[in-house]
Amino acid sequence: MDSVRGAPPYREPMLLFRNQRDGTFEDISAVLAVLPNASRRGVAFGDVNNDGNVDILLINTGEPPTLLLNQTKNKNHRVLFKLAGTKSNKMAIGARVTVRAGKLVQMSEVRAGGSYISQNDPRLHFGLGAEARMNEVEIHWPSGKSEVLNNVPADFIYTIVEGQGIQQKKALPEQFK
């Protein structure tokens, strides 16, 4: 298609936007300028190396995938939750987690699928900024049951089993500048 005059390009540059948390986004595509234009059809997000930062896997057409490792260093806190259903489905698909940390309130849901031919990390990732502790973690399981955890430290990967609470926690590496 790239050789057909007047046709839209087949290989395109990457676009990346940062959520400003005020209803707007900042275009930070310049950080990806090292990547060549390509035809990409899928993307998956997840913490590939268990460092607490969300990495990106790009599905390229006719080429191997591209893995973008997030090596950001800062003083922000984060947490990941791996949920396992017992009464609900084992992957906890449909479970909804609400995290309250200081003035911050965030919600995420375990989903099946993500993008075209892609599956995101089923663990739920929350960026907590300066908050080193979550006041409350509320889990609504697909079975209709709910659990509330209080005063939960940040900077861990938690495995939570439906009806049994936290079964495992693994410390995330420090990521200070």
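The structure under discussion appears in the preceding block.
A brief look at the structure comes next. Remember, predicted model here, so these are calculated numbers, not experimental data.

The rules behind the values
- The numbers attached to residues start from 1 for each chain and follow its sequence in the written order.
- Reporting in this predicted model follows two pLDDT cut-offs: at least 70 for local features of residues, and 80 or more for side-chain atom pairs to be given and counted; totals over whole chains, interfaces and linings ignore these cut-offs and use all residues.
- Hydrogens are left out, water is left out, and the side-chain values use all remaining heavy atoms of the structure.
- Note that patches include only residues with greater than 30% relative accessible area and no salt bridge, and the join distances are 9 Å for like charges and 5 Å for nonpolar side chains (Val, Leu, Ile, Met, Phe, Trp, Tyr).
- Throughout, the Shrake-Rupley method with a 1.4 Å probe supplies accessible areas, and for residues the shown protein chains are the sole cover considered.
- Salt bridges, as used here, are contacts in which a Lys or Arg side-chain nitrogen is within 4 Å of a carboxyl oxygen on Asp or Glu.
- Under the DSSP-based scheme used, a helix requires at least four consecutive residues in state H or I and a strand at least two consecutive residues in state E, with every element numbered from the N terminus.
- Strands were regarded as paired on the criterion that DSSP finds at least two bridges between them.
- Between N-to-C directions, angles cover 0 to 180 degrees, with each direction set by a line fitted to C-alpha atoms, over the stretch in contact for helices.
- We call two residues in contact when some of their heavy atoms are within 4.5 Å.
- Burial classes: relative accessible area under 20% of the type maximum marks a residue as buried, over 50% as exposed, and values in between as partly exposed (1.4 Å probe, protein chains only).
- With a 1 Å grid spanning the protein atoms alone, the term cavity applies to any set of points in which a 1.4 Å probe fits but cannot get out, the term pocket to an open set with protein on both sides within 12 Å along at least five of seven lines, and the term lining residue to any residue with an atom within 4 Å of a point.
- Grid points are joined across faces, edges and corners, and a volume is the space filled by probe spheres set on the points.
- Classification convention: Asp, Glu, Lys, Arg as charged; Ala, Val, Leu, Ile, Met, Phe, Trp, Tyr, Cys, Pro as nonpolar; all other residues, Gly among them, as polar.

1. Notes on a nonpolar patch on the surface
(1) Moving on: There is a patch of nonpolar side chains on the surface, built from Val48, Leu57, Leu67 and Leu69 and spanning about 320 Å² of accessible area.
(2) Moving on: Relative to the helices and strands, Leu67 is located in strand β5 (residues 66-68).

2. Quick notes on the sheet that holds strand β3 (residues 40-46)
(1) Moving on: In space, the three strands of this open sheet follow the order β3-β4-β5, with antiparallel pairing throughout. The two strands at the open ends of the sheet, each matched to only one other strand, are β3 and β5. Put simply, the sheet's adjacent strands are angled 20° from each other on average, direction ignored.
(2) Moving on: Where β3 meets strand β4 (residues 55-60), six bridges bridge the pair, whose relative direction is antiparallel. Bridging from a neighbouring strand, Phe45 pairs with Ile56 of β4.

3. Regarding the environment of Asn76
(1) Moving on: Summarising the element assignment, Asn76 is placed in the loop between β5 and β6 (77-84).
(2) Moving on: With 51 residues separating them in the primary sequence, Asn76 and Gly127 have C-alpha atoms 7.4 Å apart.
(3) Moving on: In this structure Asn76 touches Gly129, Ala130, Asp155 and Gln175, once residues within four positions along its chain are discounted.

4. A short note on the sheet that holds strand β8 (residues 104-109)
(1) Moving on: Pairing within the open sheet is antiparallel, and its four strands lie in the order β8-β7-β10-β11. Strand pairing shows two members of the sheet lacking a second neighbour, β8 and β11 (146-153), which therefore form its edges. Mean inter-strand twist for the sheet, computed between neighbouring axes without regard to direction, equals 15°.
(2) Moving on: Here strand β10 (residues 133-140) runs beside β11; their pairing, made up of seven bridges, is antiparallel. Residue Glu136 lies in a different strand from β11, and its bridge partner there is Asn150.

5. Topic: the pattern of salt bridges
(1) Moving on: Scanning the entire structure with this criterion turns up seven salt bridges.
(2) Moving on: Glu26 serves as the salt-bridge partner of Arg18, at 3.2 Å between the closest nitrogen and oxygen.
(3) Moving on: Judged by its relative accessible area of 43%, Arg18 is partly exposed.
(4) Moving on: According to the relative accessible area criterion, Glu26 is partly exposed, its value standing at 33%.
(5) Moving on: Here the salt bridges do not stand alone but share partners, grouping Arg100, Glu136 and Glu138 into one network.

6. Focus: the layout of surface pockets
(1) Moving on: Of the voids in this model, the largest pocket is the one considered here, and its volume is about 1,600 Å³.
(2) Moving on: Phe45, Asn53, Val54, Asn70 and His125 are the residues nearest the centre of the largest pocket, which is lined by 45 residues in total.
(3) Moving on: Residue assignment for the lining of the largest pocket shows that the elements contributing at least two residues are β1 (17-19), β3, β6, β8 and β9 (124-129).
(4) Moving on: Broken down by element, the residue count for the lining of the largest pocket peaks at six residues, all from β9.
(5) Moving on: Partitioning the lining of the largest pocket into residue classes produces 18 nonpolar, 19 polar and eight charged.
(6) Moving on: Lining the second largest pocket are 16 residues, with Pro13, Met14, Leu15, Arg40 and Leu58 positioned closest to its centre.
(7) Moving on: Going through the elements one at a time, β3 and β4 are the ones with two or more residues in the lining of the second largest pocket.
(8) Moving on: The biggest single contributor to the lining of the second largest pocket is β3, with four residues.
(9) Moving on: Taken together, the residues of the lining of the second largest pocket break down into 12 nonpolar, one polar and three charged.

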